[in-house]
Amino acid sequence: MPGLLAPLPYALDALEPVISAETLEVHHGRHHRGYVDRLNAAILGTDLEHAPLENIVRRAARGRTTARRAAIFNNAAQAWNHGFYWQSLRPRTGEGPSGELAVRISRDFGNHDAFATAFKAAAAGVFGSGWAWLVAERGKLRIVTTANGDTPITRDAHPLLTVDVWEHAYYLDYRERRATYVEGVVDHLLDWDFAADNLRESERDYVPAPAHGGVHA
Ligand code: FE
């Protein structure tokens, strides 16, 4: 049901000092709420009105041919991306990935430090507004970035974590220093338990290709 703005999964000051309560209040209470409100207005009376948010994002992505359809996609995708972003963060714990997720990060990036360095560079390097993502794609972990409201769920990729790099995510706290915000988030706030849950979910959907390119009679 896209009509509701879900509450944050933690208190407004839970992510301090990396992300201030003021930033969370504006980001969730105004920006995220704005996407939800504009989406609800755009789908009122259409066949999307009662569809799950993910379905709206996927269907609208295929039909961005008119200004109205583009507005539905942009607001639906941003509503979904923000919900996923809030879940990607948690109060500072000092804990990194563990178990199968840690094994996969080492396999696909070398080690956790190499992953963190590459992820920070990707997030800091997004030109303009967008998102950095850790995704599982065809059995492999990858770092991808998207512009504006674009989201990996419209492709064959399963997001594990995301970081919002729109200016509204960090400007009150860091002004133009996006890289400092990204470093704080990656080093202290990522919810690796959420990522591990998403990895397990992605594995349920993924069927590896045959190792030798097919069946031989
Ligand atoms: Fe945002």
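Residues numbered from 1 in each chain as written. Predicted model: local features only at pLDDT ≥ 70, side-chain atom pairs only at ≥ 80, totals over all residues. Heavy atoms only, no water.

1. Section: the domain arrangement of the protein chain
One frequent convention defines the size of an interface as the accessible area lost when the parts assemble.
Thought 1: As far as domains go, the protein chain holds domain 1 (21-88) and domain 2 (99-205).
Thought 2: Taking only C-alpha atoms, the centre of domain 1 and the centre of domain 2 are 20 Å apart.
Thought 3: Contacts between the two partners involve 21 residues from domain 1 and, on the opposite side, 25 residues from domain 2.
Thought 4: Counting the surface domain 1 buries against domain 2, the share from its top three residues, Phe84, Tyr85 and Ser88, is 30%.
Thought 5: Linking domain 1 to domain 2 there are one salt bridge.
Thought 6: A salt bridge links Arg64 to Asp150; the nearest nitrogen and oxygen atoms lie 3.3 Å apart.
Thought 7: Applying the counting rule to domain 1 against domain 2 returns 13 residue pairs in polar contact (both at pLDDT 80 or more).
Thought 8: Sorting the residues of the side of domain 1 that touches domain 2 by element identifies helix 1 (21-43), helix 2 (53-61) and helix 3 (67-88) as the ones contributing at least two each.
Thought 9: Looking at which element gives the most residues to the side of domain 1 that touches domain 2, the answer is helix 3, with ten residues. (Domains from an automatic or database assignment. Contact = heavy atoms within 4.5 Å. Buried area = accessible area lost by both parts, 1.4 Å probe. Salt bridge = Lys/Arg side-chain N within 4 Å of Asp/Glu carboxyl O. Polar contact = N/O pair within 3.5 Å; in protein donor to acceptor, adjacent residues only side chain to side chain. Helix = DSSP H or I, 4+ residues; strand = E, 2+ residues; numbered from the N terminus.)

2. Things to note about the sheet that holds strand 1 (residues 130-137)
Thought 1: Taken in spatial order, the three strands of this open sheet run 2-1-3, and their pairing is antiparallel. At either end of the open sheet lies a strand with only one pairing partner, and these are strand 2 (140-147) and strand 3 (158-164). Across the sheet, the mean angle from the axis of one strand to that of its neighbour is 20 degrees, orientation sign disregarded.
Thought 2: Relative to strand 2, strand 1 runs antiparallel, the two sharing eight bridges. When the sheet's bridge partners are listed, Ala136 is paired in strand 2 with Leu141.
Thought 3: Where helix 4 (residues 99-109) meets the sheet, it contacts strand 1, strand 2 and strand 3, and its direction lies at approximately 75 degrees from that of strand 2.
Thought 4: The strands touched by helix 8 (residues 192-205) within the sheet are strand 1, strand 2 and strand 3, with strand 3 carrying the most contacts at an inclination of about 145 degrees. (Pairing = 2+ DSSP bridges. Axes fitted to C-alpha atoms, helices over the stretch in contact; angles between N-to-C directions.)

3. What to know about the coordination of the iron ion
Thought 1: Distances from the iron ion to its protein donors, namely His27 (NE2), His82 (NE2), Asp164 (OD) and His168 (NE2), fall within the range 1.9 to 2.1 Å.
Thought 2: The site at the iron ion holds four donor atoms, and with the angles between them running 90 to 127 degrees, its shape is tetrahedral.
Thought 3: Between consecutive donors of the iron ion, the numbers of intervening residues give the motif H-x54-H-x81-D-x3-H.
Thought 4: Using a relative accessible area of 17% as the deciding quantity, one classes His168 as buried. (Donors = N, O, S within 2.8 Å, 3.2 Å for Na, K, Ca; no water. Tetrahedral: all angles 85-135°; square planar, octahedral: opposite > 155°, others 65-115°. Buried < 20%, exposed > 50% of the residue type's maximum accessible area, 1.4 Å probe, protein only.)

4. Brief notes about the packing of helix 5 (residues 112-124) against helix 7 (residues 178-189)
Between two packed helices, both the angle of their axes relative to each other and the distance between the axes serve to describe the pair.
Thought 1: Where helix 5 meets helix 7, the axes come as close as 9 Å, and the angle between the chain directions of the two elements is 145 degrees. You can see that helix 5 and helix 7 cross each other, and the crossing is right-handed. For the pair formed by helix 5 and helix 7, the contact residues are Ala116, Phe119, Lys120, Ala123 and Ala124 on the first element and Arg178, Ala179, Val182, Glu183, Val186 and Asp187 on the second.
Thought 2: In terms of residue class, the contact of helix 5 with helix 7 is built from seven nonpolar, no polar and four charged. (Left-handed = near helix turned anticlockwise from the far one by under 90°. Nonpolar A, V, L, I, M, F, W, Y, C, P; charged D, E, K, R; others polar.)

5. Concerning the layout of surface pockets
Thought 1: Approximately 730 Å³ is the volume found for the largest pocket.
Thought 2: If you go around the largest pocket, you meet 36 residues; those closest to its centre are Glu54, Trp80, Phe84, Ile153 and Pro159.
Thought 3: Of all the secondary structure elements, the ones that give two or more residues to the lining of the largest pocket are helix 1, helix 2, helix 3, strand 1, strand 3 and helix 8.
Thought 4: In terms of residue class, the lining of the largest pocket is built from 19 nonpolar, eight polar and nine charged.
Thought 5: In terms of domain composition, the lining of the largest pocket takes at least three residues from each of domain 1 (21-88) and domain 2 (99-205). (1 Å grid on protein atoms, 1.4 Å probe; cavity = no way out; pocket = protein on both sides within 12 Å on 5 of 7 lines; lining within 4 Å. Points joined across faces, edges and corners; volume = space filled by probe spheres on them.)

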